[in-house]
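A structural walkthrough
Below, each chain spelled out in residue letters.
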Amino acid sequence: MKLIAPSILSSDFGRLAEEIGTVEAAGADLIHIDVMDGHYVPNLTFGPPVIAAIRKVTRLPFDVHLMIENPERWIDAYADAGSDFITVHVEAEPHLHRAVQKIRKRGVKAGLSLNPSTPLGTVGEILGDIDLLMIMSVNPGFGGQSFIETSLSKIARARRMIDEQSPGILLEVDGGVKIDNIEAIGRAGVDIFVAGSAIFGSGDYGATIAKMRKLIGAKSAV
């Protein structure tokens, strides 16, 4: 499974519904939504009302990435808004099992995210309880950053850990995914590729997504 998830953090917010429709028509598999609170990361983005509004304009799954403090108390709000995946940061949530259980009780797939400097071992005790593991390949907070090259070995180690312990988990990478590195990232074992500026900063979303698919050996979604 190789899926492309355009990150609307890099889209034109003034034309958000149109942008989502365009990437859906271009062959996106999911819509990646970066939620930032200005505390856990130095930026502000989307709240539940915005997600509920854009839920009406697409049938694509919403991959909601909570880069916020105390994410557990916001799970119900983001589930109600229409999330299909909710991912919380290991570094921001001291009670990971409780948060993951709460997400799953809402019928939403549960994900955990690791910052570049956070060791893989921090998820070892909970790996069997999640649906998705996200490796951040930039420090979270802003779009358009460069891929941290040491992330490749971390992704490969995460792939081995998943395959050995919980093969059903999806492995996602978020940060700095571009045409010139997506093939190498794919070889490391990624299932979901989050790409923001590489898609929304291109002149042709369809051509960019198609080229990414070719490089990672993925079938067309359309």
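Going by the structure above, here's the rest.
In short, a report on the structure. Each chain carries its own residue numbering, running from 1 in the direction its sequence is written. Only residues with pLDDT of at least 70 get local features here, since the model is predicted, and only at 80 or more are side-chain atom pairs given and counted; chain-wide, interface and lining totals rely on the full set of residues. The basis for every side-chain value is the complete set of non-hydrogen atoms in the structure, without hydrogens or water.

Turning our eyes to something else, we now look at the nonpolar core. Counting residues in each nonpolar core, the largest one holds 63 residues, and the members touching the most others are Ile8, Ile33, Ile86, Leu112, Val123, Leu133 and Ile155. Two residues qualify as a contact provided that any one of their heavy atoms is within 4.5 Å of a heavy atom in the partner residue. Excluding residues that lie within four positions of it along the chain, leucine 133 makes contacts with Leu112, Leu114, Leu120, Val123, Ala158, Met161, Ile162, Ile169, Leu170, Leu171 and Glu172. Nine residue types can take part in a nonpolar core, namely buried Ala, Val, Leu, Ile, Met, Phe, Trp, Tyr and Cys, and a core is a set of them joined through side-chain atoms within 4.5 Å. Working definition: with a 1.4 Å probe on protein chains only, accessible area under 20% of the residue-type maximum means buried, over 50% means exposed, and in between means partly exposed. Listed in part, the 11 residues of the second largest apolar core include Leu30, Phe85, Met136 and Ile192.

Strand order in the open sheet formed by eight strands is 1-8-7-6-5-4-3-2, and the pairing between neighbours is parallel. The open sheet is flanked by strand 1 (3–6) and strand 2 (31–36), the only strands paired with a single partner. Along the sheet, successive strands turn relative to each other by an average axial angle of 25 degrees, direction set aside. DSSP calls a pair of strands paired once it identifies at least 2 bridges connecting them. Think of it this way: any DSSP run of H or I at least four residues long counts as a helix, any run of E at least two long counts as a strand, and we number them from the N terminus. Inspection of the sheet shows strand 1 paired to strand 8 (residues 192–195) by four bridges, in the parallel sense. Across the sheet, proline 6 pairs through a bridge with alanine 195, a residue of strand 8. Running at roughly 165 degrees to strand 6 (residues 132–136), helix 5 (residues 151–165) makes contact with strand 5 (109–114), strand 6 and strand 7 (170–174) of the sheet. Along the sheet face, helix 8 (residues 205–216) touches strand 1 and strand 8 and points at about 145 degrees away from the line of strand 1. Axis definition: a line fitted to C-alpha atoms, limited for helices to the stretch in contact. Angles are taken between N-to-C directions and run from 0 to 180 degrees.

Attention now moves to the side chain of serine 83. For serine 83, the position within the fold is in the loop between helix 3 (75–80) and strand 4 (85–89). Distance and chemistry together define a polar contact, namely a pair of N or O atoms within 3.5 Å, with one atom able to donate a hydrogen and the other to accept it when in protein, and with adjacent residues in sequence counting only for side-chain atoms on both sides. Looking at serine 83, its side chain comes within polar contact range of the main-chain oxygen of tyrosine 78, at 2.7 Å.

Two aromatic rings from Phe, Tyr or Trp, using only the six-membered ring of Trp, form a pair when their centres are within 6.5 Å; if the ring planes differ by under 30 degrees the pair is stacked, by over 60 it is edge-to-face, and anything between is tilted. All chains considered together, the criterion is met by three aromatic pairs. Above the face of the phenylalanine 62 ring, arginine 55 is positioned so that its terminal group lies 3.8 Å from the ring centre. Should the NZ of a Lys or the CZ of an Arg lie within 6 Å of a ring centre and within 35 degrees of the ring normal, that charge is described as sitting over the ring.

Along the chain, the position of aspartate 29 falls in the loop between helix 1 (16–25) and strand 2. On the basis of relative accessible area, aspartate 29 is assigned to the buried category, the value being 16%. At a separation of 2.7 Å, a polar atom in the side chain of aspartate 29 contacts the main-chain amide nitrogen of isoleucine 4. Of the polar contacts made by the side chain of aspartate 29, one reaches the side chain of arginine 213; its length is 2.7 Å.

A word on the pairing of strand 7. Along strand 7, five of the five residues are buried, which leaves the element largely enclosed by surrounding structure. Judged by which residues are buried, strand 7 turns out to be covered on both faces: Leu170, Glu172 and Asp174 on one side and Leu171 and Val173 on the other are all buried. The pairing of strand 6 with strand 7 spans five bridges and is parallel. Bridging across to strand 7, methionine 134 finds its partner in glutamate 172. The pairing of strand 7 with strand 8 spans three bridges and is classified as parallel. Bridge assignment links valine 173 to a residue of strand 8, and that residue is phenylalanine 193. Here is how to tell: hold the view so the strands point away, follow the path from the first strand over the helix to the second, and if it runs clockwise the crossover is right-handed. For the handedness criterion, the β-α-β arrangement of strand 7, helix 6 (residues 182–187) and strand 8 is classed as right-handed.

We now examine the pattern of salt bridges. Just to be clear on terms, a salt bridge is a Lys or Arg side-chain nitrogen sitting within 4 Å of an Asp or Glu carboxyl oxygen. On inspection of all chains with the given rule, the structure shows 13 salt bridges. Close ionic contact of aspartate 29 with arginine 213 constitutes a salt bridge, the shortest N to O distance being 2.7 Å. Here the residue aspartate 29 occupies a position in the loop between helix 1 and strand 2, and arginine 213 occupies one in helix 8, the gap between them amounting to 184 residues. For the pair formed by aspartate 29 and arginine 213, the shared burial category is buried. Aspartate 131 is the salt-bridge partner of arginine 104, the closest N and O atoms lying 2.9 Å from each other. Pair noted here: arginine 104 is in helix 4 (residues 96–105) and aspartate 131 is in the loop between strand 5 and strand 6, with a separation of 27 residues, a long-range link. Overall, the relative accessible area of 17% leaves aspartate 131 in the buried class.

A few words now on helix 4. Looking only at helix 4, the buried set comprises Leu96, Ala99, Val100 and Ile103. Down the axis of helix 4, the sector holding all buried residues measures 95 degrees, keeping them to one side. Its buried side turned inward, helix 4 meets helix 3, strand 4 and strand 5. Where helix 4 terminates, the next one or two residues include glycine 107, which has phi positive at roughly 75 degrees. Of all possible arcs, the one meant is that of the directions from the helix axis to the C-beta atoms.

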